[in-house]
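Below, each chain spelled out in residue letters.
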Amino acid sequence: MRCVLLAALCIAPAMAGAQDRDAGGEPAPPGVQATELAPVRVIGRRPPTDPFAFRNPVEVEGTVFSRAWDESPSLEEVGMRGGYVQLGIIKGIELAGKGIRKLPGWTQQINDAQARPPPLDEAQAARAARLHAEAGASSMP
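Residues numbered from 1 in each chain as written. Predicted model: local features only at pLDDT ≥ 70, side-chain atom pairs only at ≥ 80, totals over all residues. Heavy atoms only, no water.

Topic: the overall build of the protein chain
Line of reasoning, step 1. Within the protein chain, the regular secondary structure consists of 5 helices and 0 strands.
Line of reasoning, step 2. Scanning the protein chain from its N terminus toward the C terminus, one meets helices and strands in the order α-α-α-α-α.
Line of reasoning, step 3. Scored against the burial criterion, the 141 residues of the protein chain give a buried share of 1%. (Helix = DSSP H or I, 4+ residues; strand = E, 2+ residues; numbered from the N terminus. Buried < 20%, exposed > 50% of the residue type's maximum accessible area, 1.4 Å probe, protein only.)

Below is the structure:
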């Protein structure tokens, strides 16, 4: 598998230069442009669903193994993530963060929600309710 990948990587640069050549392998004259074809739109119909086909009503969640499994990235994913150097830097930062959290004296940065005390004590709340009731009664005709 590695040999095929290595061969593909060696052939790719040679094929890139082949675009500037005509069918005979000769370099194309400078005035000749490559012919571009119009895009083709394929329209097809999906087969109807089978009304008698089995549909499993049970949806199985992932196991502990499947949740913890981390598939190694493909070459395309490595390239889109910035390369192996960038992936190594990110992994190093993750490991440093895990190590820092284990140091003595570390406090969790996310604090739990705490209920605040009511803004008014009982006497102030009773006075506000009385004033609200008086204001409502005086506005009635």
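Having put the structure on the table, let's press on.
Thoughts on a positive patch on the surface
Line of reasoning, step 1. A cluster of like positive charges, contributed by Lys 91, Lys 98, Arg 101 and Lys 102, occupies part of the molecular surface.
Line of reasoning, step 2. With respect to the secondary-structure elements, Lys 102 resides in the loop between α4 (84–101) and α5 (122–138).
Line of reasoning, step 3. Given the relative accessible area of 70%, Lys 102 is considered exposed. (Patch = residues over 30% accessible without salt bridge, like charges linked within 9 Å, V, L, I, M, F, W, Y side chains within 5 Å. Areas by Shrake-Rupley, 256 points an atom, 1.4 Å probe, with all protein chains shown as cover. Salt bridge = Lys/Arg side-chain N within 4 Å of Asp/Glu carboxyl O. Lys, Arg positive; Asp, Glu negative; His and termini not counted. Charge placed at Lys NZ, Arg CZ, Asp CG, Glu CD.)

So, the packing of aromatic side chains
Line of reasoning, step 1. By the definition in use, this model includes 1 aromatic pair.
Line of reasoning, step 2. A ring pair is formed by Phe 65 and Trp 69, whose centres lie 5.4 Å apart and whose planes are at 40°; its orientation type is tilted. Residues Phe 65 and Trp 69 agree in their burial class; the two are exposed. (Phe/Tyr/Trp six-rings, centres within 6.5 Å; stacked < 30°, edge-to-face > 60°.)

A closer look at the pattern of salt bridges
Line of reasoning, step 1. Tallying each qualifying case throughout the model produces 1 salt bridge.
Line of reasoning, step 2. Between Arg 130 and Glu 134 there is a salt bridge, with its nearest N and O atoms 3.7 Å apart. Of the two residues, Arg 130 and Glu 134 are both situated in helix α5; the distance of 4 residues between them amounts to about one turn of the helix.

Examining a nonpolar patch on the surface
Line of reasoning, step 1. A surface patch of nonpolar side chains, about 310 Å² in accessible area, is lined by Val 85, Ile 89 and Ile 93.
Line of reasoning, step 2. Tracing the backbone shows Val 85 in helix α4.

Limitation: the analysis is restricted to geometry and does not speak to function.
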